[in-house]
Amino acid sequence: MTGELSGILEHVDRIGNLDLEGVEPTSHVVELENVLRPDEPRPSWPREAVLAPAPEPVDGAFRVPSPQAAES
Amino acid sequence: MGELGQLSVAEAAARIAAGELSAAEYFEAWQAAAAGDELNAYLWSVENAADYEVEQGPLGGIPVAVKDIFCTEGTPTTAGSRILEGYEPPYTATAVRRLDAAGARVLGKTNMDEFAMGSSNENSAYGPVLNPWDRGRVPGGSSGGSAAAVAGGLAPCAIGTDTGGSIRQPAALCGIVGLKPTYGSISRYGMIAFASSLDQCGPLTRDVTDAALLLAALQGRDPCDSTSVGIEGGIVAPSREDLKGLRFGVPAELSRDAIDAGVRASFEATLARIEALGGEIAEVSLPSAEHGISAYYVIAPAEASSNLARYDGVRYGMRRGGGGDLVEMYETTRAEGFGPEVKRRIMLGTYALSSGYYDAYYGQAQKVRTRIAEDFTTAFGAVDFVVTPTSPSVAFGLGEKTDDPLSMYLNDFFTVPMSLAGIPAISIPSGLAQPEGGGDELPVGFQIAAPAFAEQKLLEAAYALEQGIGFEQEAGSRRPWNGGSGG
């Protein structure tokens with residue numbers, strides 16, 4: 001994979017030589033202004049629905065291995 | 001499938017609405033067709049249509065094949081990835097809900113390149129999709145399952161997503177119509193994110209009229225996606241019969257691009273067809289478009305590397321490892337869950353965003369993006385549309401480009417600039433051509449791009465040209481849904 005990535009980067013590097021001084025970067029193509037929705041309470045997802053696809057939920061929460069398991 | 005399989009979506013919807021065709025009978029016929037999928041086009045399809053109720057609306061009773069990148073409540077949604085195997089989302093994507101509200105119904109979920117990263121469908125964790133014209137060839141990608149399902153007579157219509165050509169290129173390689181609308185036309189809510197500033201949903205259909213019918217239902221602002229704005233005035237069925245007064249720009253740069261002889265001949269013949277219909281051909285210049293691939297393969301992987309951070313074995317999908325500690329679980333899950341192309345792009349993206357390289361890669365790519373958008377703005381000052389071949393070649397063989405990711409990327413040469421500029425573009429079949437190296441003739445796609453939110457004008461021109469080309473007559477019995485080729 002190292003060789004493949006090098007080949008891709010070599011191709012991509014071509015844009016490094018372009019003179020783009022003063023050109024504005026585009027992060028988003030549609031001109032939009034940020035809007036806020038009214039701050040009104042809405043029902044949220046039921047806890048069971050959100051936990052249903054989780055690998056090992058427990059006591060109404062996501063469960064993950066202990067961050068310190070290796071040391072304990 | 002018989003006679004029902006010959007109907008376009010517009011024809012079937014009209015017959016169902018008039019009470020001349022039973023929606024249940026129509027759905028069951030397509031359900032049986034989907035169940036007989038030999039192309040690996042579907043990852044899941046409905047098994048039980050017994051509870052079918054006739055829904056009212058412009059798409060009343062129409063089955064739709066949905067790319068497996070759209071979340072569908074209670075049915076599997078994998079995005080073609082092992083890491084989401086078995087995942088059933090708790091909600092449905094807005095695009096699918098809008099189709100449903102128009103009376104359509106999901107027929108199945110279609111195979112795709114993993115997380116929409118690919119141009120051949122060979123990056124699916126669930127095996128490649130076969131091209132219905134020639135099963136030894138790829139259908140294109142990443143919406144290859146959707147394209148093959150429509151072209152192969154396994155669905156009357158489909159939706160897909162296009163980030164750098166993922167609707168247009170498979171549509172071209174399968175001989176159908178594929179439309180990437182303007183960025184912001186259709187909500188991305190519930191559409192699994194690949195590159196958020198580029199991803200856009202769109203239809204894959206047999207003809208331009210059906211594409212308009214689906215777009216009319218799909219487009220619109222959605223409070224759940226703050227970047228969605230919809231198409232002002234909506235979309236109606238196109239009816240234009242000529243191209244009088246319309247100017248079509250051909251990029252001057254095309255003359256030195258590597259295009260297969262058969263594709264170039266079909267493209268030239270289509271330009272002559274445009275003139276015969278009263279349209280005018282002019283030369284335009286897109287000097288920055290040649291850097292589109294470079295900019296795209298920085299921006300898209302950068303956004304993907306961030307979007308795909310959420311697949312870590314904690315909240316959904318598969319979990320591996322964990323006997324050690326939390327970090328070991330993350331690493332094992334991602335190492336086993338992602339395929340090689342996804343890993344490649346996550347590494348490229350994180351590299352391009354890393355401190356010290358950010359300006360040279362990501363910053364520079366965003367500036368190239370500006371230049372490409374400016375090229376189109378300048379071109380549209382002089383012409384109504386910009387036209388190119390959709391793909392430099394007809395469908396290539398399975399395995400032909402898998403060892404060389406860069407050559408696979410270059411396949412998106414003609415579709416990526418429009419994605420970076422956010423403008424709409426459609427691919428329509430323009431004829432058949434022999435692959436380089438010989439063999440049976442295969443479909444060629446013709447791409448037409450228009451200014452942002454000019455979808456109606458684009459569809460009108462594409463419709464008039466479609467009638468003029470008469471691909472239906474040329475392809476005739478070779479159309480896989482007519483029983484031709486491998487179909």
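Residues numbered from 1 in each chain as written. Chains lettered and ligands numbered in written order. Predicted model: local features only at pLDDT ≥ 70, side-chain atom pairs only at ≥ 80, totals over all residues.

**A word on the overall build of chain B**
Per the secondary structure count, chain B includes 15 helices and eleven strands. Taking 487 residues into account, the globule formula puts the C-alpha radius of gyration at 23 Å, and chain B, at 21 Å, falls close to it. Principal-axis analysis of the C-alpha atoms gives chain B an extent of 70 × 55 × 45 Å. For chain B, the share of sequence-separated contacts (at least 6 apart) that also reach a separation of at least 24 residues comes to 76%. (Helix = DSSP H or I, 4+ residues; strand = E, 2+ residues; numbered from the N terminus. Rg over C-alpha atoms; globule rule 2.2 N^0.38 Å. Contact = placed C-beta atoms within 7 Å.)

**Section: the overall build of chain A**
Assigned secondary structure in chain A consists of two helices and zero strands. Relative to the compact-globule value of 11 Å for 72 residues, chain A shows a C-alpha radius of gyration of 24 Å, a clear excess of over 25%. Projected onto its principal axes, the C-alpha positions of chain A cover 55 × 45 × 20 Å. Looking at chain A residue by residue over its 72 residues, the buried ones come to 10%. (Buried ≥ 20, exposed ≤ 12 C-beta atoms within 10 Å, placed from the backbone.)

**What to know about the nonpolar core**
Residues and elements named next belong to chain B. One finds Val64, Ala95, Ala155, Val298, Ile448 and Ala462 to be the most contacted residues of the largest nonpolar core, which totals 157 residues. Both domains that meet at this core, namely domain 1 (2-289 + 368-482) and domain 2 (290-367), each give it at least three residues. Apart from residues no more than four positions distant in its own chain, Ile448 is found in contact with Phe385, Val387, Ala425, Ile426, Leu458, Ala461 and Ala462. (Core = buried A, V, L, I, M, F, W, Y, C linked by C-beta atoms within 7 Å. Domains from an automatic or database assignment.)

**Here we look at the interface of chain B and chain A**
Every contact between the two is made by 43 residues of chain B and, on the other side, 38 residues of chain A. In terms of residues, the side of chain B that touches chain A owes the most to one element, helix H11 (residues 359-382) of chain B, which gives eleven residues. Here the side of chain B that touches chain A is built from residues that sort into 21 nonpolar, 14 polar and eight charged. (Nonpolar A, V, L, I, M, F, W, Y, C, P; charged D, E, K, R; others polar.)

**Describing the confidence of the model for chain B**
In regions of low pLDDT, the predicted coordinates are not meant to be interpreted in detail. Across chain B, the average pLDDT comes to 95, with 98% of residues at 70 or higher. In the predicted assembly, ipTM is 0.91 and pTM is 0.96. (pLDDT = per-residue confidence, 0-100.)

**A short note on the packing of helix H8 (residues 292-307) of chain B against helix H10 (residues 340-353) of chain B**
All names here are of chain B. Running from N to C, H8 and H10 point in directions that differ by 100°, and their axes come no closer than 7 Å. Here H10 runs roughly perpendicular to H8, going by the angle between their axes. In contact with Val298, Pro301, Ala302, Ala304 and Ser305 of H8, H10 contributes Arg345, Ile346, Leu348, Gly349, Thr350, Ala352 and Leu353. For the contact of H8 with H10, the per-class residue count stands at eight nonpolar, three polar and one charged. (Axes fitted to C-alpha atoms, helices over the stretch in contact; angles between N-to-C directions. Parallel < 35°, antiparallel > 145°, perpendicular 65-115°, else oblique.)

**Re the domain arrangement of chain B**
Residues and elements named next belong to chain B. Under the domain assignment used here, chain B contains domain 1 (2-289 + 368-482) and domain 2 (290-367). Taking only C-alpha atoms into account, the centre of domain 1 sits 27 Å from that of domain 2. With five residues, H11 is the single largest residue contributor to the side of domain 1 that touches domain 2. Looking at side-chain class alone, the side of domain 1 that touches domain 2 contains 20 nonpolar, nine polar and seven charged residues.

**So, H10 of chain B**
Over its 14 residues, H10 of chain B extends 20 Å from the first C-alpha to the last, a length consistent with the 20 Å expected when each residue adds 1.5 Å. Listed as buried for H10 of chain B are Val342, Arg345, Ile346, Leu348, Gly349 and Ala352 of chain B. One side of H10 of chain B holds all its buried residues, which, seen down the axis, span an arc of 165°. On its buried face, H10 of chain B is in contact with helix H1 (2-12) of chain A together with H8 and H11 of chain B. (Expected span 1.5 Å × (residues − 1). Arc of directions from axis to C-beta.)

**Some details on the sheet that holds strand E9 (residues 385-389) of chain B**
Residues and elements named next belong to chain B. Pairing in this open sheet of eleven strands is mixed, and the strands run E1-E3-E2-E4-E6-E5-E10-E11-E9-E7-E8 from one edge to the other. Both outer strands of the open sheet, strand E1 (42-45) and strand E8 (280-284), are each paired with one neighbouring strand and no more. The mean inter-strand angle of the sheet, taken between neighbouring strand axes irrespective of direction, is 30°. Taken together, the two bridges between strand E7 (residues 247-251) and E9 define a ladder with parallel strand orientation. (Pairing = 2+ DSSP bridges.)

**Regarding the pairing of strand E11 (residues 442-449) of chain B**
Residues and elements named next belong to chain B. Of all eight residues making up E11, eight are buried, and the element is well covered by its neighbours. Two strands pair when backbone bridges link them, and E9 and E11 are joined in this way by four bridges, in the antiparallel orientation. Residue pairing across strands places Val387 opposite Ile448, the latter belonging to E11. Looking at chain direction, strand E10 (residues 425-433) and E11 are connected through eight bridges and run antiparallel. Counterpart to Gly431 in the pairing with E11 is Val444.

**A short note on unusual backbone geometry**
Residues and elements named next belong to chain B. Cis geometry is found at the peptide bond from Gly141 to Ser142, where omega equals 10°. The topology assignment puts Ser142 in the loop between strand E3 (105-110) and helix H4 (144-151). Even without being glycine, Ala79 reaches a positive phi, approximately 55°. Overall, the presence of 32 C-beta atoms within 10 Å leaves Ala79 in the buried class.

**Describing the environment of Ala104 of chain B**
All names here are of chain B. Along the polypeptide, Ala104 turns up in the loop between helix H3 (94-101) and E3. In this structure, the C-alpha to C-alpha distance between Ala104 and Gly60, residues 44 residues apart in sequence, is 5.5 Å. Those residues in contact with Ala104, other than ones at most four positions away along the chain, are Leu59, Ile62, Val64 and Leu99.

**Quick word on the pairing of strand E6 (residues 200-205) of chain B**
All names here are of chain B. Most of E6 is tucked away, with six of its six residues classed as buried. Sheet topology note: the strand E4 (residues 157-162)/E6 ladder contains six bridges and is antiparallel. Bridge pairing links Asp162 to Gln200 in E6. The pairing of strand E5 (residues 177-180) with E6 spans two bridges and is classified as antiparallel. Bridge pairing links Gly178 to Leu204 in E6.

**Points about the packing of helix H6 (residues 208-218) of chain B against helix H14 (residues 455-469) of chain B**
Residues and elements named next belong to chain B. For the pair H6 and H14, the least separation of the axes is 9 Å and the interaxial angle reads 160°. As the angle between them shows, H6 and H14 are arranged roughly antiparallel. As for the relative orientation of H6 and H14, their crossing is left-handed in sense. Residue-level contacts link Val208, Thr209, Ala211, Ala212 and Leu215 of H6 to Glu455, Leu459, Ala462, Tyr463 and Glu466 of H14. By residue class, the composition of the contact of H6 with H14 is seven nonpolar, one polar and two charged. (Left-handed = near helix turned anticlockwise from the far one by under 90°.)

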